[in-house]
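# Per-entry structural report
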Amino acid sequence: MPGPIQSIQRAAEVLKLLAHGGAHQLSVGEIARALDLAKPTVHGILRTLQEVGFVEQPVEGGKYRLGAALFQIGTSYLDGNELRAKALNWSDSLAVRAREAVRVGVLHGKHVLVVHHVFRPDNSRQTLDTGALLPWHATALGKVLVAFGEWPDGELRRFTRHTLDEAGLRAALDETLVRDWAYDLHELVEGEASIAAPIRDGRGAVVGAVGISGPVERLCESPDQPPRLELVSYVREAARSVSRELGGLSW
Amino acid sequence: MAYIAAIDQGTTSSRCIVFDQSGGIVSVAQREHRQIFPKPGWVEHDASEIWTNVQSVVRDALAHASLSFADIAAFGITNQRETTVVWDKTTGEPVHNAIVWQDTRTDALIKQLGDQDRFRERSGLPLATYFSGPKLRWLLDNVSGLRERAERGEVLFGTMDTWLIWNLTGRHVTDVTNASRTMLMNLETLDWDPELVSALDVPLAMLPEIRSSSEVYGTYEGVPVASALGDQQAALFGQTCFEPGEGKCTYGTGAFLLINTGSTPVQSQNGLLTTVGYKIGDEPAAYALEGAVAVTGALVQWFRDKVGLISSAAEIETLARTVDDNGGAYFVPAFSGLFAPHWRSDARGVIAGLTGYISRGHLARAVLEASAWQTREVVDAMNADSGVDLTTLRVDGGMTANNLLMQFLSDVLDVPVVRPIVAETTCLGAAYAAGLAVGYWSSTDELKANWHKAAEWEPSMEPAARARGYRKWKKAVERTVGWMDEDDD
């Protein structure tokens, strides 16, 4: 069997680099520096990627960004704005039933990107945090996304004395795979908990997570116990309903 | 008896949504129906197909949540407004396809009827092709033998609420909100107006009885059918805008801003419509001012289907966020003229401010911003007519999922924009009105307590930038008018 093809590996590195920037664009020089490659090499890779539509150069001689063709073929790629549109009704219903704030998230590097946020239904003053980034390892949303995805690189910062270390997290993720839902207890903020479940697309791939968060007194029977099963069932039902909207479930 | 089921008979599909007592959605079912285009400008629906779909979605919505009819305390109805059906009283067969609100076949008849404001004081409406009365008149004039049969009392007229209630319960009734869109009802008496009926030359015998929006009209499978509201009025009700001055804007294909004006109709000096907001049982009717924008979501659909730069409506936000502003481009989507407050049928769309700098991202921005600027124009007209400035805009509809648009809307209106926790306010309004009629909810106060903020966008635009943007928008609007000539089709 032949070994890995270096130019494909390099092309993949270039795409990953551009993907991390989101809407933001990079020049040949910036990419060459970041990947420690010669500029002509990077230029050649970009020209080839441009030909197949995987990158675009909006201005002749300017910076590069990911191309539209890439988005069309991504197997589990789902536009965050699309996910919000599909999740709208069911996240509202979840907020009404659980009486807690709802967030829908997708994995973005080592963070959870909040693509949708529904206020806790008590008309108190709250600020919309759509677009915010949450640490994956200290939230139920992040645990769900990583359990069904890839372990992101990076340090696991301790936010409270309850924030899990790598061993604790590995065990929690195994549990998440079995249960199909996850929770956090005082792991990001002392006194707060969260519950989340996976959203699946038509191929069964996990493309996002939906969950609730709030004070442990409301989410759990007691401050050191897992969350109340009634709330878990609401979260899981919401996740199933959004998955059904995405064609991920036939019922 | 734990739930209320709302039937939403819309322009492109029929849906049934089951709600629980807190107003949460328990189940949804939806079926699209055919759009029939016999000629340019003509739009029809098959009313029998719609009735079949309604029965299916009711069945499906109950099945999805493992419910039976015994679990439903009442059905509520909300519907596409003004769409006109005539059917045989004995067989129940429609005599012709339903003529849809967008259909412009009555254009010549409207011109012949004279001055645009001729019926405004009695009906609250300007003479325009949307309303049902002229569509009914077209059927009477063009379906062979129909006028004679109508005079003999053999055929019945109705809007979609009436068609559904007749099929569901056997009664021939409509509600005040739907009746207020026929151009045949007197806004003060809330009854058919003899002068309007005679001006449009429509036999009184075929018109339904006008009832309130919230009362038991009859039963279907043993369940009371207990509300009917036109879709925009239902959204007003679902947003619990029960006090004068409270209003909402629903973003769908077009956008509709309605403001409750209390128990007296307010005549508009600024191109808005006067309409009935709702009437609960024997209580006095609540009136509303309405401003309609023809093209909002439809522009995003056009951008997706005809331009092809995005593959789903939600992706427009992704594309728009690739740039920081509109680059100077403004898009006025006067595809079929301008609605409120301009009412210029000779206008056609323009993209103004094009330079070599403009990219598809800028165009996506301009597409979204068009919805916000058009709302601003209607809000300005509302403020002028009502004498009170809007302090918060309550929004609903599919486009509220677009964060970029909602933020920009708040920026250009310079007021907070608030989305309630159930974005499906149209269905919720029909459910609320039905639930009130059967005592499932005790009062409008209880409904108000169900209303919760799901999201709020605060204005953050510099006043100078807002003023400059609005100035450019108005200049772009000026460039749309007078495009159509006498010899254009």
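Residues numbered from 1 in each chain as written. Chains lettered and ligands numbered in written order. Predicted model: local features only at pLDDT ≥ 70, side-chain atom pairs only at ≥ 80, totals over all residues. Heavy atoms only, no water.

Defined as follows: UniProt positions are given in the numbering used here, feature names are shortened, and annotations may be inferred rather than shown by experiment.
Labelled according to an unreviewed UniProt entry, chain A appears under the name Glycerol operon regulatory protein, originating from Lentzea aerocolonigenes. In its Function (unreviewed entry) section, the UniProt record describing chain A reads: "May be an activator protein for the gylABX operon."

## Section: the pattern of salt bridges
Where charged atoms from two side chains of opposite charge approach closely, those side chains can pair. Test applied: What counts as a salt bridge is simple: a side-chain nitrogen of Lys or Arg found within 4 Å of a carboxyl oxygen of Asp or Glu. Elements are defined by DSSP. Helices are runs of H or I of four residues or more, strands are runs of E of two residues or more, and each kind is numbered from the N terminus. Per-residue accessibility, obtained with a 1.4 Å probe over protein chains only, is compared with the maximum for each type, and a residue is labelled buried under 20%, exposed over 50%, and partly exposed between these values.
Taken as a whole and assessed by the stated rule, the structure comprises 48 salt bridges over all chains. Glu30 of chain A is the partner of Lys63 of chain A in a salt bridge, and the nearest nitrogen-oxygen pair spans 3.6 Å. One end of the pair, Lys63 of chain A, is in the loop between strand 1 (55-56) and strand 2 (65-66); the other, Glu30 of chain A, is in helix 2 (residues 28-35), and 33 residues separate them in sequence. Note that Glu56 of chain A is salt-bridged to Arg360 of chain B, the shortest N-O span being 3.0 Å. With Glu56 of chain A in strand 1 and Arg360 of chain B in helix 12 (residues 360-386), the pair connects residues from two separate chains. The exposure class of Arg360 of chain B is partly exposed, given its relative accessible area of 27%. Taken together, the shared-partner salt bridges connect Arg81, Glu82, Arg181, Asp231 and Glu290 of chain B into one network.

## Looking at empty space enclosed by the protein
Residues and elements named next belong to chain B. The criterion, for reference: In this analysis a 1.4 Å probe is tested at points of a 1 Å grid over the protein atoms alone, and where it fits but cannot get out there is a cavity; an open set with protein on both sides within 12 Å along at least five of seven lines is a pocket; lining residues have an atom within 4 Å of a point. Grid points are joined across faces, edges and corners, and a volume is the space filled by probe spheres set on the points. Classes in brief: Ala, Val, Leu, Ile, Met, Phe, Trp, Tyr, Cys and Pro nonpolar; Asp, Glu, Lys and Arg charged; the others, Gly included, polar.
For the coordinates displayed, the defined rule picks out four cavities of 30 Å³ or more. Estimates place the volume of the largest cavity at around 80 Å³. Taken together, 13 residues make up the lining of the largest cavity; nearest its centre are Val293, Ala294, Leu338, Phe339 and Gln374. Taken together, the elements giving at least two residues each to the lining of the largest cavity come down to strand 16 (286-293) and helix 12. Residue composition of the lining of the largest cavity, by class: nine nonpolar, three polar and one charged. Roughly 60 Å³ of internal volume is contained in the second largest cavity. Lining of the second largest cavity is provided by Ser22, Gly23, Gly238, Pro420, Ile421, Val422, Thr425, Leu428, Tyr432, Asn450, Trp451 and His452. In terms of residues, the lining of the second largest cavity owes the most to one element, helix 14 (residues 425-437), which gives three residues.

## Some details on the side chain of Ser93 of chain A
Counted only if it meets this: Side-chain atoms alone can form a polar contact between residues adjacent in sequence; in general such a contact is a pair of N or O atoms within 3.5 Å, and within protein one must be able to donate a hydrogen while the other accepts it. Pairs of residues are marked as contacts when any of their non-hydrogen atoms sit within 4.5 Å.
Along the chain, Ser93 of chain A falls in helix 5 (residues 80-98). By relative accessible area, which is 5% here, Ser93 of chain A ends up buried. At a separation of 3.0 Å, a polar atom in the side chain of Ser93 of chain A contacts the main-chain amide nitrogen of Ile25 of chain B. Filtering out sequence-adjacent residues up to four positions away, Ser93 of chain A remains in contact with Gly24 and Ile25 of chain B.

## Topic: helix 2 of chain A
Residues and elements named next belong to chain A. Rules: Each C-beta atom gives one direction from the helix axis, and the arc is the one those directions make.
Of all the positions in helix 2, only Val28, Gly29, Ile31 and Ala32 are classed as buried. With its buried residues spanning 165 degrees around the axis, helix 2 presents them on a single face. Of the residues in helix 2, the exposed ones pointing more than 90 degrees away from the buried face are Arg33 and Ala34.

## A look at the packing of helix 10 (residues 297-307) of chain B against helix 12 of chain B
Residues and elements named next belong to chain B. Operational definition: Inter-axis angles, ranging from 0 to 180 degrees, are taken between N-to-C directions of lines fitted to C-alpha atoms, where helices are fitted over the stretch in contact. Geometric relationships in this document are graded by angle, where less than 35 degrees denotes roughly parallel, more than 145 denotes roughly antiparallel, 65 to 115 denotes roughly perpendicular, and other angles denote oblique. Less than a right angle of anticlockwise turn of the near helix away from the far helix marks a crossing as left-handed, whereas a clockwise turn marks it as right-handed.
Packing of helix 10 against helix 12 leaves a shortest axis separation of 8 Å and a crossing angle of 155 degrees. Here helix 12 runs roughly antiparallel to helix 10, going by the angle between their axes. Of the two possible hands of crossing, helix 10 and helix 12 adopt the one that is right-handed. In contact with Leu299, Val300 and Phe303 of helix 10, helix 12 contributes Arg360, Leu363, Ala364, Val367, Leu368 and Ala370. Tallied by class, residues from the contact of helix 10 with helix 12 come to eight nonpolar, no polar and one charged.

## Remarks on the sheet that holds strand 21 (residues 453-457) of chain B
All names here are of chain B. Using the following cut-off: Whether two strands pair depends on DSSP finding at least two bridges between them.
Reading across from one edge, 15-16-14-13-19-20-21 is the order of the seven strands in this open sheet, with mixed pairing throughout. Single-partner strands in this sheet number two, and they are strand 15 (273-278) and strand 21. Across the sheet, the axes of successive neighbouring strands diverge by a mean angle of 30 degrees, strand direction being ignored. For strand 20 (residues 417-420) and strand 21, the ladder comprises four bridges, and the chain directions are antiparallel. Directly across from Val418, in strand 21, lies its bridge partner Glu456. Across the face of the sheet, helix 9 (residues 231-238) comes into contact with strand 13 (247-251), strand 14 (255-262), strand 15, strand 16 and strand 19 (393-396) while running at roughly 125 degrees to strand 13.

## Remarks on the interface of chain B and chain A
Residue-level contacts link 30 residues of chain B with 27 residues of chain A. Put simply, chain B and chain A have four salt bridges between them. Residue Arg125 of chain A is joined to Glu458 of chain B by a salt bridge in which the shortest nitrogen-to-oxygen separation is 3.2 Å. Those elements that place two or more of their residues in the side of chain B that touches chain A are strand 3 (25-32), helix 11 (315-320), strand 20 and strand 21 of chain B. Among the elements that make up the side of chain B that touches chain A, the one with the highest residue count is strand 21 of chain B (five residues). Looking at the side of chain B that touches chain A residue by residue, the class counts come to 12 nonpolar, nine polar and nine charged.

## Considering the domain arrangement of chain A
Filter applied, for reference: Boundaries of every domain are those given by an automatic assignment or by a domain database.
Domain assignment breaks chain A into domain 1 (6-71) and domain 2 (80-245). Here domain 1 of chain A and domain 2 of chain A have C-alpha centroids that lie 33 Å from each other.

## Let's talk about the nonpolar core
Soluble, globular proteins show a tendency: their nonpolar side chains are buried together. Applied cut-off: Definition of nonpolar core: a set of buried residues of the types Ala, Val, Leu, Ile, Met, Phe, Trp, Tyr and Cys, connected through side-chain atoms within 4.5 Å.
With 61 residues, the main nonpolar core has Leu94 of chain A together with Phe19 and Phe237 of chain B as its most contacted residues. Element by element, the count of residues in this core is highest for helix 14 of chain B, at eight residues. Filtering out sequence-adjacent residues up to four positions away, Phe19 of chain B remains in contact with Tyr3, Ile4, Ala6, Gly24, Ile25, Val26, Val422, Glu424, Cys427, Leu428, Ala431 and Tyr440 of chain B. Of all hydrophobic cores here, the second largest spans 59 residues; its members include Leu299, Ala366, Val378 and Val395 of chain B.

## Describing the confidence of the model for chain B
Here is the rule: Confidence per residue, as judged by the predictor, is encoded in pLDDT with a range of 0 to 100.
In the predicted model, chain B carries a mean pLDDT of 93, and the fraction of residues at 70 or more is 100%. The ipTM value of the predicted complex is 0.78, and its pTM value is 0.81.

## A closer look at the packing of aromatic side chains
All names here are of chain B. To keep things clear, this is the line we draw: Between the rings of Phe, Tyr and Trp (Trp by its six-membered ring), a pair exists once the centres lie within 6.5 Å; its type follows the angle of the planes, with under 30 degrees stacked, over 60 edge-to-face, and the other angles tilted. Two conditions define a charge sitting above a ring: the NZ of Lys or the CZ of Arg must be within 6 Å of the ring centre, and it must be within 35 degrees of the ring normal.
The full count for this structure, using the stated rule, is 21 aromatic pairs over all chains. Seen from their ring centres, Trp42 and Trp138 are 5.4 Å apart, and the 85 degrees between their planes marks the pair as edge-to-face. Residue Trp42 is located in the loop between strand 3 and strand 4 (44-45), and its partner Trp138 is located in helix 4 (residues 132-142); the two are separated by 96 residues in the primary sequence. For the pair Trp42 and Trp138, one class covers both residues: buried. Ring geometry for Phe242 versus Tyr278: centroids 5.8 Å apart, planes at 85 degrees, classification edge-to-face. Of this pair, Phe242 sits in the loop between helix 9 and strand 13 while Tyr278 sits in strand 15; the two residues are 36 residues apart in sequence, bridging distant segments of the chain. In terms of burial, Phe242 and Tyr278 fall into one category: buried. Three or more aromatic residues joined by ring pairs make a cluster, and in this case those are Trp51, Phe69, Phe75 and Tyr220. Against the face of Phe256 rests Arg81, its NZ or CZ located 5.3 Å from the ring centre. Its guanidinium or amino end placed over the ring of Tyr470, Lys474 lies 4.3 Å from that ring's centre, counting from NZ or CZ.

## Comments concerning the environment of Ala423 of chain B
Relative to the assigned elements, Ala423 of chain B resides in the loop between strand 20 and helix 14. Judged by its relative accessible area of 8%, Ala423 of chain B falls in the buried class. Those residues within four positions of Ala423 of chain B in sequence are excluded, and the remaining contacts are Leu88 and Asp92 of chain A together with Asp396, Gly397 and Thr400 of chain B.

## Some thoughts on helix 13 (residues 403-413) of chain B
In terms of burial, helix 13 of chain B is largely enclosed, as 10 of its 11 residues are buried. Regarding helix 13 of chain B, its N-cap is Asn402 of chain B, as a side-chain oxygen of that residue lies 3.2 Å from the backbone nitrogen of Leu404 of chain B further along.

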